[in-house]
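A closer look at the structure
Given next are the chains, with one letter for each unit.
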Amino acid sequence: MLFLYINMIIIHIDNGSPDASILSMIYKDLEGTIVFKNRSKSNIKRILRITGNEPVMLLGHGSPRGLFNISQNGFAVGSEHVEWLRNRPVIGIFCYASEFADRYGLTGFFTSMFISNMGEAVYEQRDEGATEELIAEQDMLFCKRIRKLIDDKTPLEQWPEILQAQADLSIPFVRFNYEALTYL
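Figured I'd write up the structure that's included with this text.

In terms of nonpolar packing, the biggest core is built from 35 residues, with Ile26, Ile93, Phe109, Ile146, Trp159 and Leu163 touching the most fellow members. Mapped by element, the contributors of at least two residues to this core are strand S1 (8-12), strand S3 (56-59), strand S7 (89-93), helix H5 (132-151), helix H6 (159-166) and helix H7 (172-179). Looking at which element gives the most residues to this core, the answer is H5, with seven residues. Leave out the neighbours within four places in its chain, and Trp159 touches Ile91, Phe109, Ile146, Leu149, Ile150 and Thr154. Phe36, Val56, Leu67 and Leu85 belong to the second largest nonpolar core, which has 23 residues in total.

Another point: the sheet that holds strand S8 (residues 107-110). In spatial order, the strands read S2-S1-S3-S7-S8-S9; together these six strands make up an open sheet with mixed pairing. Looking at which strands have only one partner, the edges of the open sheet turn out to be strand S2 (33-37) and strand S9 (182-183). Across five bridges, the pairing between S1 and S2 is parallel. Its bridge partner being in S2, His12 is matched across the sheet by Lys37. Across the sheet, H6 is in contact with S7, S8 and S9; its angle to S8 comes to roughly 10°.

A word on the sheet that holds strand S5 (residues 66-69). The strand order across the open sheet formed by three strands is S4-S5-S6, and the pairing between neighbours is antiparallel. With one partner strand each, in any of the chains shown, strand S4 (62-63) and strand S6 (74-77) form the two edges of the open sheet. Relative to S6, S5 runs antiparallel, the two being bridged by three bridges. Residue pairing for S6: Phe68 is matched across the bridge by Phe75.

Mapped onto the elements, His12 comes out in strand S1. Overall, the relative accessible area of 0% leaves His12 in the buried class. Apart from the residues lying within four places of it in its own chain, the contact partners of His12 are Ala20, Ser21, Leu23, Ser24, Tyr27, Phe36, Lys37, Asn38 and Leu59. Among the polar contacts listed, one links the side chain of His12 to the backbone oxygen of Ala20, at a separation of 2.8 Å. A distance of 2.7 Å separates a polar atom in the side chain of His12 from a polar atom in the side chain of Tyr27.

This structure, assessed with the given rule, holds six aromatic pairs. Summarising the aromatic geometry, the rings of Phe109 and Trp159 are spaced 5.1 Å apart at their centres and angled 55° between planes, so their arrangement reads as tilted. Separated by 50 residues along the polypeptide, Phe109 in strand S8 and Trp159 in helix H6 bring together distant segments of the chain. The same class applies to Phe109 as to Trp159, namely buried. Through a chain of ring-to-ring contacts, the aromatic side chains of Phe94, Phe100 and Tyr104 assemble into a single cluster.

Analysis parameters
- Residues numbered from 1 in each chain as written.
- Predicted model: local features only at pLDDT ≥ 70, side-chain atom pairs only at ≥ 80, totals over all residues.
- Heavy atoms only, no water.
- Core = buried A, V, L, I, M, F, W, Y, C linked by side-chain atoms within 4.5 Å.
- Buried < 20%, exposed > 50% of the residue type's maximum accessible area, 1.4 Å probe, protein only.
- Helix = DSSP H or I, 4+ residues; strand = E, 2+ residues; numbered from the N terminus.
- Contact = heavy atoms within 4.5 Å.
- Pairing = 2+ DSSP bridges.
- Axes fitted to C-alpha atoms, helices over the stretch in contact; angles between N-to-C directions.
- Polar contact = N/O pair within 3.5 Å; in protein donor to acceptor, adjacent residues only side chain to side chain.
- Phe/Tyr/Trp six-rings, centres within 6.5 Å; stacked < 30°, edge-to-face > 60°.

Okay, here's the thing in structure tokens:
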């Protein structure tokens, strides 16, 4: 009998925007993962319920209420998924992931509001020196850095400090993004 060893479950809600699509760099060709892209809320709930305590990575756009699924006018992962996230490490890379995690007592590595496009930079008043090209370049660097931490099996609690040391904090939106990285 063949057994599949799962190192991580990845839930990526990709609405087709460049800043959501680029997140696939983090897990492309990553062994031992099961990737679920653009699944419904009920499908994700079932996946989390039937799996063990493998780490879960949540990727896309979001709010303090959870990971968005824009195509379904709501959340792919929200309060109704928390009971299946509480007993496993979580990597939340979406806007306000740390607020979502803190609200529900989740453990892991989380971004807060994360500027990944020019509209967000303007809205957050962190657009000084920012261009779409520079933001895309910094998004790519962030994804590469996360992937290296995964490949190196770096403990999640070390991620914020390591990432902050690697970032160019002289760029206002980069400083904004990296200073809010959190391990809970």
